[in-house]
Amino acid sequence: MEKADFIVDIGPGAGKHGGQIVTAATYDELISNDSMTTKYLKGEVKIKVPKIRRKGNGKKMSLLGATGHNLQNVDLHIPLGTFTCVTGVSGSGKSSLVNQTLYPILVAEIYNGVKKPLPYKKIKGIENIDKIIEIDQSPIGRTPRSNPATYTKVFDEIRSLFASLPEAQIRGYQAGRFSFNVKGGRCETCRGGGLKVVEMNFLPDVYVECETCNGKRYNYETLEVRYRGKSISDVLSMTIEEGAKFFVKIPKISRALETLNSVGLGYVQLGQSSTTLSGGEAQRVKLSSELSKRSTGNTMYILDEPSTGLHFEDIRVLLEVLQRLADEGNTVLVIEHNLDIIKVADHIIDVGPEGGKGGGKIIAEGTPEQIVKKFEKVSHTARYLKEELS
Ligand SMILES: Nc1ncnc2c1ncn2[C@@H]1O[C@H](COP(=O)(O)OP(=O)(O)O)[C@@H](O)[C@H]1O
Ligand SMILES: [Mg+2]
Ligand SMILES: [Zn+2]
């Protein structure tokens, strides 16, 4: 941003809280304004360096002798119960080590997965974790029918609630009646999609609102059943924020919606098609669904460059979630370049020193303070981190 000739800042928030040009100006003019972006640029809002680094639970996960791609017989030791960051320049071997060696080994052991890891000699400490979860920015579902409500399963609770209403009981409607995926309660013209595909010769398909249900996805009878005046279709059009307030008397539903709200998704509609969610939004839906599960305290979460595409403020929210997972005793393993994330980690594992053939080794390990103190000569990360910590 500092190097750009001109900056267009869009917001002020996200989703329906955004959509305006907040500032269009040079960097110096921008800075004199007040917005979420300038607050971070001016340092008025900052991600704080924690005073205490977690020591972990004393147990380790050790991957020995990794030699995939450019990895030079690497021994990786992850202190469990911490927030650990794997750093290093692009091409140094981080994804090869974590995503392509460690992750498939753990998936094979814990879930009988079949993806082959890159070559390695030995793995130790698997007995110390009971779940392994990778959280990336890929879509939460491949069809337009999946949405935040179905993915987090809160829609199951909402359908049960509708089926329990007197009006539904009199008519003999069960929860399935309120599904847009099966016959019965949905609009059959659009089969519950609310949209119809118009095939255009030589052009991409165009979607238009279904003229039978006007995009409401359900048939007339289903829409007559109302909870506090709202039909199941109205509920799908609510934002997560609105939904959390609307269902305040139904803890099972409001709690799940509060969790989605707490990861910064309050502005997203419950029924917003997953194919329209941004990568960062999909990532937060996945994290939210993890937060609402009963934590085993022995889960390992793996994230490869989760800050991609995120604003400073989004990173702050993301970090709160990751810290909560680690506070519950879980291990959070994050591959990152972003210094705001690196500086709050309990433990850093720096891969390098360079990319490709010049990399593939672990060149520095320790707390951020130790990295800065001991490895400034050998590690690029240490040099950049030094400015951040001072
Ligand atoms: N499928 C592959 N086949 C061969 N070389 C690869 C493959 N994937 C990555 N590499 C190489 O391995 C090195 C490390 O890559 P990677 O692990 O993706 O780095 P990082 O995640 O640190 O950016 C790079 O030199 C890259 O070009
Ligand atoms: Mg990578
Ligand atoms: Zn329809």
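Position numbers for residues count from 1 along each chain, tracking the sequence in the order it is written. Chain A is the first chain written and ligand 1 is the first ligand written, with later ones labelled in order. With pLDDT at 70 or above as the cut-off, local features in this predicted model cover only qualifying residues; side-chain atom pairs require 80 or more to be listed or tallied, and sums for whole chains, interfaces and linings still use all residues.

### Describing the sheet that holds strand E3 (residues 60-66)
Paired strands are those between which DSSP finds at least two bridges. Each helix is a run of H or I in the DSSP string that is no shorter than four residues. Each strand is a run of E no shorter than two, and both are numbered from the N terminus. The strand order across the open sheet built from three strands is E4-E3-E6, with neighbouring strands paired in antiparallel fashion. Pairing within the sheet leaves two strands with one partner each, and these edge strands are strand E4 (74-79) and strand E6 (122-124). When strand polarity is set aside, the average angle formed by the axes of neighbouring strands in this sheet is 5°. Inspection of the sheet shows E3 paired to E6 by three bridges, in the antiparallel sense. By the bridge assignment for E6, Ser62 is matched with Lys124. Lying over the sheet, helix H3 (residues 94-111) contacts E3, E4 and E6, oriented at roughly 115° with respect to E3. Working convention: axes come from line fits to C-alpha atoms, limited for helices to the stretch in contact. Angles between N-to-C directions cover 0 to 180 degrees. Whether two residues are in contact depends on their C-beta atoms, placed from the backbone: they are in contact if these lie within 7 Å.

### Considerations on the sheet that holds strand E12 (residues 347-352)
Strand pairing in a sheet is mediated by backbone hydrogen bonds. Such pairs are either parallel or antiparallel. Pairing within the open sheet is mixed, and its six strands lie in the order E7-E10-E11-E5-E12-E13. Each edge of the open sheet is held by one strand with a lone partner, namely strand E7 (131-134) and strand E13 (361-366). On average, each strand axis in the sheet is tilted by 15° relative to the strand beside it, whichever way the strands run.

### Topic: the pairing of strand E10 (residues 299-304)
In this structure, E7 lies alongside E10, joined through four bridges in parallel fashion. Note on E10: the bridge partner recorded for Lys131 is Thr299. Here E10 pairs with strand E11 (residues 331-335) via five bridges, running parallel. Paired with Leu303 across the two strands is Val334, which belongs to E11.

### Here we look at the environment of Thr87
Tracing the backbone through its elements, the reader meets Thr87 in strand E5 (residues 83-87). The exposure class assigned to Thr87 is buried, which follows from the 29 C-beta atoms found within 10 Å. For Thr87 and Ile348, which are 261 residues apart along the polypeptide, the C-alpha to C-alpha distance reads 7.1 Å. Beyond its immediate chain neighbours, meaning those up to four positions away, Thr87 contacts Glu336, Ile342, Ile348, Asp350 and Thr381. Here the C-beta atoms are placed from the backbone, and a residue counts as buried if at least 20 other C-beta atoms lie within 10 Å of its own, exposed if 12 or fewer do, and partly exposed otherwise.

### A few points about the packing of helix H5 (residues 154-164) against helix H10 (residues 251-265)
In the contact formed by H5 and H10, the axes pass within 9 Å of each other and the chain directions differ by 150°. Our classification of the angle between H5 and H10 gives roughly antiparallel. You can see that H5 and H10 cross each other, and the crossing is left-handed. Residue-level inspection shows Val154, Glu157, Ile158 and Leu161 of H5 in contact with H10, the latter providing Lys252, Ile253, Ala256 and Leu257. Residues of the contact of H5 with H10, tallied by class, amount to six nonpolar, no polar and two charged. Note on terminology: angles under 35 degrees are roughly parallel, angles over 145 are roughly antiparallel, angles of 65 to 115 are roughly perpendicular, and the others are oblique. Should the near helix be turned anticlockwise from the far one by less than a right angle, the crossing is left-handed, and should it be turned clockwise, the crossing is right-handed. Any residue outside Ala, Val, Leu, Ile, Met, Phe, Trp, Tyr, Cys, Pro, Asp, Glu, Lys and Arg is labelled polar, Gly included; the first ten of those are nonpolar and the last four are charged.

### Describing the domain arrangement of the chain
Assigned domains of the chain: these are domain 1 (7-41), domain 2 (60-139 + 277-389) and domain 3 (148-275). Distance between the C-alpha centres of domain 1 and domain 3: 34 Å. Throughout, the edges of the domains are those of an automatic or database domain assignment.

### A look at the environment of Ala66
In this fold, Ala66 is placed in strand E3. Considered as a pair, Ala66 and Lys361 are 295 residues apart in the sequence and their alpha carbons are 10.0 Å apart. Not counting residues up to four positions away in its chain, the partners in contact with Ala66 are Leu71, Val74, Leu76, Leu97, Thr101, Leu118 and Tyr120.

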